[in-house]
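Here is what each chain is made of, one letter per residue.
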Amino acid sequence: MPLDKAKATIALPKLPYAEDALAPVISANTISFHYGKHHATYVKTLNELIAGTPYEGKSLEEIVVASAKDKDAAAKKIFNNAAQAWNHDFYWHSMTPKGGAPAGKIKDAIAKSFGDLAAFKKQFGQAAVGQFGSGWAWLVKGKDGALTIETTSNADTPIAHGGTPLLVADVWEHAYYLDYQNRRPDHVTAWLDKLVNWSFAEKNLN
Ligand code: MN3
């Protein structure tokens, strides 16, 4: 394979921390499967699907946006794998072992849009827990600058619809089942209290 072709493939990005960094909320075992198997497979499948198509050579974000609008039958599979690849990278960065309370601009934005952190957590938690089946819960910046909470099903992602996500929680069962089994509410509560990367949210706000 020529070098330019090899360069055009979508790479699996590195995890921003060690696999055991988010324990005990998310165990190394969960991260090992979630990143090493689920995320890696979305990337591998995407590269297989785009080979020889007009999507080859585009950035991951470009593939997500273009395939979302593509009516071709093959495009749905490309969208699902591209969006899952993008969402997972965004998800890893939405978490940090040093989660806690927001500060600075993001603290002010949360207060302005939700009242306070407790109100935000309650609303986000209800959305994440209430997402039926597989999907994602997002903190999104609207066109007017106000922050809102959205959920998407399966692979769907705000960037396919012109949205600006700040944070995401993965509420597919594979994100928490090994650690929490069916107790999604307990996982979401711990996630909000201990793992949210507010610096990442603030960076996305700017
Ligand atoms: Mn996942």
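Residues numbered from 1 in each chain as written. Predicted model: local features only at pLDDT ≥ 70, side-chain atom pairs only at ≥ 80, totals over all residues. Heavy atoms only, no water.

Peer 1: Residues and numbers for the coordination of the manganese ion, please.
Peer 2: Note on the manganese ion: its protein donors are His34 (NE2), His88 (NE2), Asp170 (OD) and His174 (NE2). The metal-donor distances range over 2.0 to 2.1 Å. Between consecutive donors of the manganese ion, the numbers of intervening residues give the motif H-x53-H-x81-D-x3-H. With His34 in helix H2 (residues 28-50) and Asp170 in strand S3 (residues 164-170), this residue pair connects regions lying 136 residues apart in the sequence. In terms of burial, His34 and Asp170 fall into one category: buried. (Donors = N, O, S within 2.8 Å, 3.2 Å for Na, K, Ca; no water. Helix = DSSP H or I, 4+ residues; strand = E, 2+ residues; numbered from the N terminus. Buried < 20%, exposed > 50% of the residue type's maximum accessible area, 1.4 Å probe, protein only.)

Peer 1: Give me unusual backbone geometry: which residues, what numbers.
Peer 2: Across the chain, the bulk of peptide bonds are trans and the bulk of non-glycine residues have phi less than zero. A cis amide bond, omega 5°, links Ala23 with the succeeding residue Pro24. Along the chain, the position of Pro24 falls in the loop between helix H1 (3-8) and H2. Of note in the backbone geometry, Asn154 takes a positive phi value of approximately 55° without being a glycine. Mapped onto the secondary structure, Asn154 falls in the loop between strand S2 (147-153) and S3. Take Asn154: its relative accessible area is 44%, and that puts it in the partly exposed class. The phi dihedral of Gln181 falls on the positive side, at around 50°, and the residue is not glycine. Along the polypeptide, Gln181 turns up in the loop between helix H7 (177-180) and helix H8 (184-195). Accessibility expressed as a relative area gives 34% for Gln181, which makes it partly exposed.

Peer 1: Break down the side chain of Gln84 for me, with residues and values.
Peer 2: Locating Gln84 in the fold gives a position in helix H4 (residues 75-93). Assessed through its relative accessible area of 2%, Gln84 is described here as buried. Within polar-contact distance, the side chain of Gln84 engages the side chain of Tyr42 at 3.1 Å. If we ignore the near neighbours within four places in the chain, the residues touching Gln84 are Tyr42, Phe79, Trp136, Asn154, Ala155 and Trp172. (Polar contact = N/O pair within 3.5 Å; in protein donor to acceptor, adjacent residues only side chain to side chain. Contact = heavy atoms within 4.5 Å.)

Peer 1: Explain the environment of Val140 to me, and be specific about the residues and the numbers.
Peer 2: Assignment of secondary structure puts Val140 in strand S1 (residues 135-141). As a C-alpha pair, Val140 and Val129 span 11 residues in sequence and 17 Å in three-dimensional space. When near neighbours in sequence (up to four residues on either side) are disregarded, Val140 contacts Ala146, Leu147, Thr148, Glu150, Pro158, Thr164, Pro165 and Leu166.

Peer 1: I'd like a rundown of the domain arrangement of the chain, residues and numbers included.
Peer 2: In terms of domains, the chain is made up of domain 1 (27-93) and domain 2 (104-205). When each unit is reduced to the centre of its C-alpha atoms, the spacing between domain 1 and domain 2 is 20 Å. The largest contributions to the domain 1 side of the interface with domain 2 come from Phe90, Tyr91 and His93, which together make up 34% of the buried area. Counting across the domain 1 and domain 2 interface gives 10 residue pairs in polar contact (both at pLDDT 80 or more). (Domains from an automatic or database assignment. Buried area = accessible area lost by both parts, 1.4 Å probe.)

Peer 1: I'd like a description of the packing of helix H3 (residues 60-69) against H4, backed by residues and values.
Peer 2: Closest axis-to-axis distance for the H3/H4 pair is 8 Å, and the angle between their directions is 140°. Taken together, the axis directions place H3 and H4 in an arrangement best described as oblique. Between H3 and H4 the crossing geometry is left-handed. Contacts from Leu60, Glu61, Ile63, Val64, Ser67 and Ala68 in H3 reach Ala75, Ile78, Phe79, Ala82, Ala83, Ala85 and Trp86 in H4. Across the contact of H3 with H4, the residue classes break down as 11 nonpolar, one polar and one charged. (Axes fitted to C-alpha atoms, helices over the stretch in contact; angles between N-to-C directions. Parallel < 35°, antiparallel > 145°, perpendicular 65-115°, else oblique. Left-handed = near helix turned anticlockwise from the far one by under 90°. Nonpolar A, V, L, I, M, F, W, Y, C, P; charged D, E, K, R; others polar.)

Peer 1: Any details on the pairing of S2? Residues and values, ideally.
Peer 2: As paired strands, S1 and S2 are joined by seven bridges and run antiparallel to one another. Each bridged residue has a counterpart across the sheet, and for Ala137 the counterpart in S2 is Thr151. Taking the residues that link successive antiparallel strands as the turn, the S1-S2 hairpin has five residues, and the phi of Gly145 there is positive, at about 90°. (Pairing = 2+ DSSP bridges.)

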